[in-house]
Amino acid sequence: MWIIFTIATTLIWGFAEFFYKKGAHPDEQYSHLKICICVGFAMGLHAIFTLLTQPIHYNPANLIRYLPVSLLYILSMAFSFFGMRFIEESISDPIENTSGAICSLLCVLILGDKISVPAIISILIIVTGILGVGFLENRGETDRKKRIGKKVAIIAFIMPFLYAFLDAFGSFLDVFYLEDASSSPLIDITEDTIEAVANTSYELTFAFCAVILYIYIRRRNVKLELPKQKDKILAAVCETAGQLTYVYAMSGNGAIAAPIISSVCVVSLLLSRLFLKEKLSGKQYAFIFLIIIGIISLAIIEGE
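Presented here is an overview of the structure given in this document. Predicted, not measured: the structure shown is a model, and the values here were computed from it.

With that out of the way, let us pick up the packing of aromatic side chains. Scanning the entire structure with this criterion turns up 12 aromatic pairs. Ring centres of F157 and F161 lie 5.5 Å apart, and the angle between their planes is 65°; on these two criteria the pair is classed as edge-to-face. Pair noted here: F157 and F161 are both in helix α9 (residues 150-178), with a separation of four residues, about one helical turn. The exposure class of F157 is buried, given its relative accessible area of 10%.

Right under this line is the structure:
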């Protein structure tokens, strides 16, 4: 069954990225905040479902204990949602998925982990792809600066990189939180419940942030208007559903599931090309596929 959950996770998260982009309107000033609100509400509902149906014996103190990790993940997604308003999903998603490579480097630099030669080669392939995309972006291969202005174009292009770094640091901190229940900063946990407790803490924190953001936009006389936010709601549902199937996928054969799931950017790229009619230059696609090849290769190597 794990392979079914693995494929389901890849497809569901691919569609989540597609709907995120579809719901991120360039002319809608608070579009990224509205997406955060929808995701937060969806995750809050899932957290409540978990608390009511699973015997994880959740201690509310874990909300505070897991807060550093939760905030890194939430901030990374907020930056991603902002960038999606202006950057093609075909570009932003592969860059964001390099967070795994950054996390590997953090483990090497800070924890002293050793990294294999094939892993180094994979990371170099990723770096080459990113440098290529960045070079083309700044050499006028796109008309983004003409459309939205140089300042906004630069800020928007930085967003996927901010996501990658913040998500990588969140994953890095998760090493300390989730590696061993006996030494984890989380309390009242076992090896069987540690992941569920951490995920519930993250989802509840996201829900609280969603409430704060909702109050913020309402004070600015901006309405959420749920009937008009179908794409954002679908993205939130897919994001949350993907988290659920991800747990079952990784519990079977994580070494094989991880590289399959890492190909989610391929799914979002195809969907963006087919349905959003995103068109990039041949050079851009070449460098993007380099990034994807590096990501999948690294996932396979790390899973061995």
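Below, the discussion takes up the environment of A156. Mapping A156 onto the fold places it in helix α9. Sequence spacing of A156 and F79 is 77 residues, and the spatial spacing of their C-alpha atoms is 8.9 Å. Setting aside its immediate chain neighbours within four residues, A156 contacts G83, F86 and I87.

To continue, consider unusual backbone geometry. Even without being glycine, D188 reaches a positive phi, approximately 55°. With respect to the helices and strands, D188 occurs in the loop between α9 and α10 (194-219). The backbone of E225 shows a phi angle near 50°, a positive value even though the residue is not glycine. Here E225 is to be found in the loop between α10 and α11 (230-261).

Most of helix α5 (residues 89-96) is tucked away, with eight of its eight residues classed as buried. The complete set of buried residues in α5 reads E89, S90, I91, S92, D93, P94, I95 and E96.

This brings us to the packing of helix α1 (residues 2-23) against helix α4 (residues 67-84). Contact geometry for α1 and α4: axes closest at 8 Å, N-to-C directions at 55°. Considering their axes alone, α1 and α4 lie oblique with respect to each other. Crossing hand, α1 versus α4: right-handed. Only M77, F81 and M84 of α4 make contact with α1, whose side of the interface consists of E17, Y20 and K21. Broken down by class, the residue content of the contact of α1 with α4 amounts to four nonpolar, no polar and two charged.

Scanning all chains against the criterion turns up four salt bridges. Here D231 ties to K22 by a salt bridge, and the two come within 3.4 Å at their closest N and O atoms. Pair noted here: D231 is in helix α11 and K22 is in helix α1, with a separation of 209 residues, a long-range link. Judged by relative accessible area, D231 falls into the buried class, the value being 18%.

A separate point is the side chain of E203. Locating E203 in the fold gives a position in helix α10. Despite its burial, E203 remains without a salt bridge, the nearest opposite charge being carried by R65 at 19 Å.

Attention now moves to the layout of surface pockets. Space inside the second largest pocket adds up to approximately 230 Å³. At the level of secondary structure, the elements contributing two or more residues to the lining of the second largest pocket comprise α1 and α8 (144-148). The element best represented in the lining of the second largest pocket is α8, accounting for three residues. Tallied by class, the residues present in the lining of the second largest pocket amount to six nonpolar, no polar and nine charged.

Now for the packing of helix α2 (residues 31-53) against α4. Put simply, α2 and α4 touch, their axes get as near as 8 Å, and they point 135° apart. Relative to α4, α2 is oriented oblique. Classified by chirality, the crossing of α4 by α2 is right-handed. On the side of α2, the interface is formed by H32, I35, C36 and V39, while α4 contributes M77, A78, F81 and F82.

Let us look at the nonpolar core. If you look at the biggest cluster of nonpolar residues, it comprises 43 residues, and the most contacted ones within it are Y20 and V39. Elements with a minimum of two residues in this core: α1, α2, α4, α9, α10, α11 and α12 (264-275). One finds F86, L269, Y285 and I291 within the second-largest nonpolar core, a separate group that totals 22 residues.

For the rest of this paragraph, the subject is the environment of E88. Summarising the element assignment, E88 is placed in the loop between α4 and α5. Measuring from C-alpha to C-alpha, the distance between E88 and S272 comes to 8.3 Å, with 184 residues separating the pair along the chain. Those residues in contact with E88 that sit more than four places away from it in its chain are K21, R144, R147, E278 and L280.

Taken together, the side chains of M1, I3, I4, I7, L11 and F15 define a hydrophobic patch exposed on the protein surface, amounting to about 560 Å² of accessible area. Residue position: F15 is located in helix α1. Take F15: its relative accessible area is 34%, and that puts it in the partly exposed class.

What counts, and where the lines are drawn
Residues numbered from 1 in each chain as written. Predicted model: local features only at pLDDT ≥ 70, side-chain atom pairs only at ≥ 80, totals over all residues. Heavy atoms only, no water. Phe/Tyr/Trp six-rings, centres within 6.5 Å; stacked < 30°, edge-to-face > 60°. Helix = DSSP H or I, 4+ residues; strand = E, 2+ residues; numbered from the N terminus. Buried < 20%, exposed > 50% of the residue type's maximum accessible area, 1.4 Å probe, protein only. Contact = heavy atoms within 4.5 Å. Axes fitted to C-alpha atoms, helices over the stretch in contact; angles between N-to-C directions. Parallel < 35°, antiparallel > 145°, perpendicular 65-115°, else oblique. Left-handed = near helix turned anticlockwise from the far one by under 90°. Nonpolar A, V, L, I, M, F, W, Y, C, P; charged D, E, K, R; others polar. Salt bridge = Lys/Arg side-chain N within 4 Å of Asp/Glu carboxyl O. Lys, Arg positive; Asp, Glu negative; His and termini not counted. 1 Å grid on protein atoms, 1.4 Å probe; cavity = no way out; pocket = protein on both sides within 12 Å on 5 of 7 lines; lining within 4 Å. Points joined across faces, edges and corners; volume = space filled by probe spheres on them. Core = buried A, V, L, I, M, F, W, Y, C linked by side-chain atoms within 4.5 Å. Patch = residues over 30% accessible without salt bridge, like charges linked within 9 Å, V, L, I, M, F, W, Y side chains within 5 Å. Areas by Shrake-Rupley, 256 points an atom, 1.4 Å probe, with all protein chains shown as cover.

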